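# Structural characterization, general
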Amino acid sequence: MSASTEARRSLQQFLRTYGVLILAVVIECAIFEIIARRQGVRSFLSASSLVNILNQSAIYGVLAVGMTFVILTGGIDLSVGSLIAFGGVISALVVHHGGEPVWMWIVIGGGVALLAGAAAGGLTGLLVTHASVPPFIATLALMSSLRGLSYILAGGRPIAPLPDAYTFLGRHRIGGLVPVGVLVMLSVFVLGAVLLNATRFGRHVRAIGGNEEGARLSGVPIARTKWAVYCMCSMLAVLGGLILSSKLGSGDPKAGLGDELGVIAAVVVGGTSLSGGRGTIGGTFVGLLIVSVLNSGLNWIGVESFGQQVILGVVILGAVLLDRFKMHERG
Amino acid sequence: MSEFVLEMCDVIKRFPGVLALDCVQFNLRPGEVHCLVGENGAGKSTLMKILAGAQPMDSGVIRLSGQEIHIRSPHHAQQLGISMIYQEFNLSPFLSVAENIFLGREPRIGGTPLINWSRMYGDAREILGRIRVGLDVRTPVNELSVAQQQMVEIGKALSFNSKLIVMDEPSATLTDHELAALFDLIRTLRGQGIGIIYISHRLEEVFEIGDRLTVMRDGQYVGTHPVVDLNREEIVKMMVGRELKDEFPKEVFEPGEERVRVEGLTRHGAFEDVSFSVRTGEIVGLTGLVGAGRTEVARAIFGADRIDSGQIFLDGKPVTVRSPQDAIRQGVGLLTEDRKGQGLILGMTVRENTTLANLSSLVKFMFVDRRAERTTTEKFIGELKIKTPSIEQVVQNLSGGNQQKVILAKWLFTESRLLIFDEPTRGIDVGAKVEIYKLMNDLARRGDAILMISSELPEALGMCDRILVMHEGRLAGELQREEATQERIMHLATGQGMPAGAGV
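Residues numbered from 1 in each chain as written. Chains lettered and ligands numbered in written order. Predicted model: local features only at pLDDT ≥ 70, side-chain atom pairs only at ≥ 80, totals over all residues. Heavy atoms only, no water.

## Considering the overall build of chain A
Scanning chain A from terminus to terminus reveals 13 helices and two strands. Relative to a compact globule of 331 residues, whose C-alpha radius of gyration would be 20 Å, chain A shows 20 Å and is just as compact. For chain A, the C-alpha atoms occupy an extent of roughly 60 × 60 × 45 Å along the three principal directions. Scored against the burial criterion, the 331 residues of chain A give a buried share of 50%. A separation threshold of at least 6 residues defines the contact pool for chain A, and within that pool the share at least 24 residues apart is 78%. For chain A, the accessible area works out to roughly 14900 Å², and carbon and sulfur atoms hold 69% of it. (Helix = DSSP H or I, 4+ residues; strand = E, 2+ residues; numbered from the N terminus. Rg over C-alpha atoms; globule rule 2.2 N^0.38 Å. Buried < 20%, exposed > 50% of the residue type's maximum accessible area, 1.4 Å probe, protein only. Contact = heavy atoms within 4.5 Å. Areas by Shrake-Rupley, 256 points an atom, 1.4 Å probe, with all protein chains shown as cover.)

Set out below in structure tokens:
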């Protein structure tokens, strides 16, 4: 009985916190559907177009989960866009120079890329925890260095051709319907939510963001927790890079340029506070949907990309203002 | 002209679900110190927020020098000559004293946007001179002590030609010496015809500086009296609405084994060669002037700061405490003085704060066992009588006394057997104080050792079995409960050595 009441209570809690955001997604969809019908283009709200939206948001989604953890500790990670390229280049490089069997080299390539991501994240973590470098600066430095390193490793141009099997992660659809990338993203969201809500680690992350000194004096291992968070965020960014590289069928050192901003936007639109301590994985998912439905919808009804950027900016501002307003009402 | 500089009549303020102010009266004469007292939640802050223009009232009349006014905003209040000095100062740390005083109103050179520095420094000096404060007006305020920053705040208030100044718990962060200086300053202001509203939990201060006193309770106006007509018991009775039989319900227990001993504990620049012990069942006080190194000793025992030399023994065994984690594992808990900044994660719930320091005991497989966590929290809410609507309440919304209880619950859950209370009742109202003292008794009874840092001598005298006194980083002496008096403690705390014999 108590389990079901708790479930109901947490659902209520979720709706109270994110009801408005979910409503925003629904309204967005409705508006695009209406416009699409007026223009006589194909219906926006078809199953295939919704799957497409998820597919296009898979990469941002994977990154946004890691970013949510970082922002919850009160930090920020600007290096994720460069890590997308870095991961893709490394795995493409391995596969390009590897031989048979192709599958084995793809797995090795992915593994090496993830390890490299972990090393980058570990370095950020060390800089932040032991050298007290502000996360903004540490990750800004890494953003630049990793981008440069990706160009050097790739020799300045995309690494191609790659074997067909390389596109499994980015292009394959299970049963011809569900993209593998979407499954990966959904699993990352579920695991992230469990990690944040049900484990000691997740509690520590929120405690650190809420009040770092208070957490330290309660025996929370600050350095270890933050270090793990940066490692995780970087590895997820590399995972996103693997999906993108697989989708492109090449290892492109230009990939993910500027994506850190889009990812942070999704997290913030989802209600996570940039000052730390407050936010949820569910919120990030809805934030991601708002941003990706907007992008896809605008494409659908033929708004060109410059106009899209303007509208995205307005939506980010609107979401943050709405959040401020809600906080003000409560406080 | 009215006899009063300020009159607030029949002020009513409703918040959703509560009547925060129920027809409250308050008035202030020029050149008077009018103390406003009441327990937390009595409505003092709400009343002052209305006066400061931070909140509108639902009905009532406010008159300034006999004229009815409608305060629209904090800025407007300031222009009307109403100034607030909050506990947290509104100073910009890297700007100078003069820049802070005239922030936003800098004198200009003619009609240009350039600042007339010589006039600004001159005016700032003149204002500080009026209250006989000798500060270099070019000093950045972050280089000043808390007391000096307070003086700057007061100077800023005067620069608005304030007719009245509200001081909210101005003594909370001051040493006794600084407090004496503040009182001198208040007397100077009073002599210049400025009305002062003085809010404090410390009744000794009311008796020392107050002319009249207004008591509030549960949003109601209880009464206004000249301070000389009242004694301590009468004021407390008005505040809590009932007779408070015993302010310090001390119970003495037979001390047991030695729980903690420190030998030669030193952290250069903070404290030197400190040695003492606390046995189970004992409450030992650690007192001294602010800055004597008491909190620093506590933090060192708790592993929050490194020590340079010395040894800590727990249960007779030498231990190394490198971090709070180490200390917690050894059964040591620290209730910090700064509850909001260090004791709690304000944005988290009662449940999350209660279990934070010992979450690992609730982990099954990889996950926190929510059911066990709930049961645990509910158990402590019952035991400690924590007043909260639910275990999911965010602790930010609890009163000071209940926040302190949540922190205590956290340490009880770690099964701490040495609890260090740093100023356990600061900012907590009289009724809740007694509850905290009773809980300390309960802990001592079941065999916990308690080290209590306190600046309030009546509290230290009332609750401790022994009192250690520090002076400038060193232990100046130790007094048994029977021999301790305020005079003897002050004697030691001011570095005059151990008082000779009994006839001090």
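## Some points on the domain arrangement of chain B
Residues and elements named next belong to chain B. Partitioning chain B into structural domains gives domain 1 (6–240), domain 2 (245–331 + 417–504) and domain 3 (343–415). Here the C-alpha centre of domain 3 lies 26 Å away from the C-alpha centre of domain 2. Each partner contributes to the interface: domain 2 provides 14 residues, whereas domain 3 provides 13 residues. If you sort the residues of domain 2 by the area they bury against domain 3, Ile-328, Glu-435 and Leu-439 come out on top, with a joint share of 40%. On the surface where domain 2 and domain 3 come into contact, there are one salt bridge. Among the salt bridges present, the one from Lys-405 reaches Glu-435, with a minimum N-O distance of 2.5 Å. In this assembly, domain 2 and domain 3 are joined by three residue pairs in polar contact (both at pLDDT 80 or more). (Domains from an automatic or database assignment. Buried area = accessible area lost by both parts, 1.4 Å probe. Salt bridge = Lys/Arg side-chain N within 4 Å of Asp/Glu carboxyl O. Polar contact = N/O pair within 3.5 Å; in protein donor to acceptor, adjacent residues only side chain to side chain.)

## Considerations on the side chain of Lys405(B)
Residues and elements named next belong to chain B. Tracing the sequence through the fold places Lys-405 in helix 14 (residues 400–413). In this structure the side chain of Lys-405 is engaged in a polar contact, spanning 3.2 Å, whose partner is the backbone oxygen of Leu-384. Those residues in contact with Lys-405 that sit more than four places away from it in its chain are Leu-384, Lys-385, Ile-386, Glu-435, Ile-436 and Leu-439.

## Details of the interface of chain B and chain A
With 30 residues of chain B at the contact, the number on the chain A side is 23 residues. Buried surface at the junction of chain B and chain A, summed over both partners, amounts to about 2200 Å²; 52% is from carbon and sulfur atoms. Three residues, Gln325(B), Ile345(B) and Leu356(B), lead the burial of chain B against chain A; their summed loss comes to 22% of the area buried on that side. On inspection of chain B and its partner chain A, the count reaches four salt bridges. With a closest N to O distance of 2.9 Å, Glu352(B) and Arg206(A) form a salt bridge. On inspection of chain B and its partner chain A, the count reaches nine residue pairs in polar contact (both at pLDDT 80 or more).

## Here we look at the packing of helix 5 (residues 146–159) of chain B against helix 6 (residues 176–191) of chain B
Residues and elements named next belong to chain B. Between helix 5 and helix 6, the shortest axis-to-axis distance is 10 Å and the interhelical angle comes to 15°. In this view, helix 5 runs roughly parallel relative to helix 6, as classed from their interaxial angle. Helix 6 is crossed by helix 5, and the crossing has right-handed handedness. On helix 6, the residues touching Ala-147, Gln-150, Met-151, Ile-154 and Leu-158 of helix 5 are Glu-178, Ala-181, Leu-182, Leu-185 and Leu-189. Partitioned by chemical class, the residues of the contact of helix 5 with helix 6 number eight nonpolar, one polar and one charged. (Axes fitted to C-alpha atoms, helices over the stretch in contact; angles between N-to-C directions. Parallel < 35°, antiparallel > 145°, perpendicular 65-115°, else oblique. Left-handed = near helix turned anticlockwise from the far one by under 90°. Nonpolar A, V, L, I, M, F, W, Y, C, P; charged D, E, K, R; others polar.)

## Describing unusual backbone geometry
Here Ala160(A) and Pro161(A) are connected by a cis peptide whose omega angle stands at -5°. Mapped onto the elements of the fold, Pro161(A) is located in the loop between helix 5 (135–154) and helix 6 (168–171). With phi around 50°, Lys385(B) is a residue other than glycine that occupies positive phi space. Counting through the fold element by element, Lys385(B) comes out in the loop between helix 13 (370–383) and helix 14. What makes Lys385(B) exposed here is its relative accessible area of 57%. Residues other than glycine seldom take positive phi values, yet Glu415(B) does so here, at roughly 60°. In this fold, Glu415(B) is placed in the loop between helix 14 and strand 19 (418–422).

## Some details on the nonpolar core
Core analysis: the biggest nonpolar cluster contains 79 residues, and Phe276(B), Ile301(B), Phe302(B), Leu408(B) and Phe421(B) have the highest contact counts within it. Per-element tally for this core: the top contributor is helix 14 of chain B, with seven residues. Here Phe302(B) is in contact with Leu217(A), Val321(B), Ser323(B), Pro324(B), Ala327(B), Ile328(B), Val332(B), Gly333(B), Leu334(B) and Trp411(B), once residues within four sequence places are set aside. Core analysis: the second largest hydrophobic core is formed by 52 residues, Phe102(B), Ile127(B), Ile196(B) and Val227(B) among them. (Core = buried A, V, L, I, M, F, W, Y, C linked by side-chain atoms within 4.5 Å.)

## Structural notes on the side chain of Thr214(B)
Residues and elements named next belong to chain B. Of note, Thr-214 is situated in strand 9 (residues 212–217). Judged by its relative accessible area of 1%, Thr-214 falls in the buried class. A distance of 2.6 Å separates polar atoms of two side chains, one belonging to Thr-214 and the other to His-34. Not counting chain neighbours up to four residues away, the residues in contact with Thr-214 comprise Gln-25, Phe-26, His-34, Cys-35, Leu-36, Val-37, Tyr-221, Gly-223 and Thr-224.

## Here's the deal with the pattern of salt bridges
Residues and elements named next belong to chain B. Inspection of every chain in the model, using the stated rule, returns 41 salt bridges over all chains. Between Asp-315 and Arg-259 there is a salt bridge whose closest N-O contact spans 2.9 Å. Here Arg-259 lies in strand 11 (residues 258–267) and Asp-315 lies in the loop between strand 14 (309–314) and strand 15 (317–319), a separation of 56 residues in the sequence. Among the ionic pairs, Arg-446 bridges to Asp-448, the shortest N-O distance being 3.1 Å. Given a relative accessible area of 3%, Asp-448 falls into the buried group.

## Quick word on the confidence of the model for chain A
Within chain A, residue pLDDT values average 90, and 96% of them lie at 70 or more. Looking across chain A, the model is least confident in helix 13 (residues 305–330) of chain A, with a mean pLDDT of 78, and most confident in helix 5 of chain A, with 97. (pLDDT = per-residue confidence, 0-100.)

## Things to note about the sheet that holds strand 14 of chain B
Strands pair in a sheet through their backbones, by hydrogen bonds, and they do so in one of two ways: parallel or antiparallel. All names here are of chain B. Taken together, the four strands give an open sheet; going across it, the order is 12-11-14-15, and neighbouring strands pair in antiparallel fashion. Here the strands that pair on one side only, and so sit at the sheet edges, are strand 12 (271–279) and strand 15. Strand-to-strand twist of the sheet, defined as the mean angle between neighbouring strand axes without regard to direction, takes the value 20°. Packing against the sheet, helix 9 (residues 294–301) makes contact with strand 11, strand 12 and strand 14, and its axis sits at approximately 65° to strand 12. (Pairing = 2+ DSSP bridges.)

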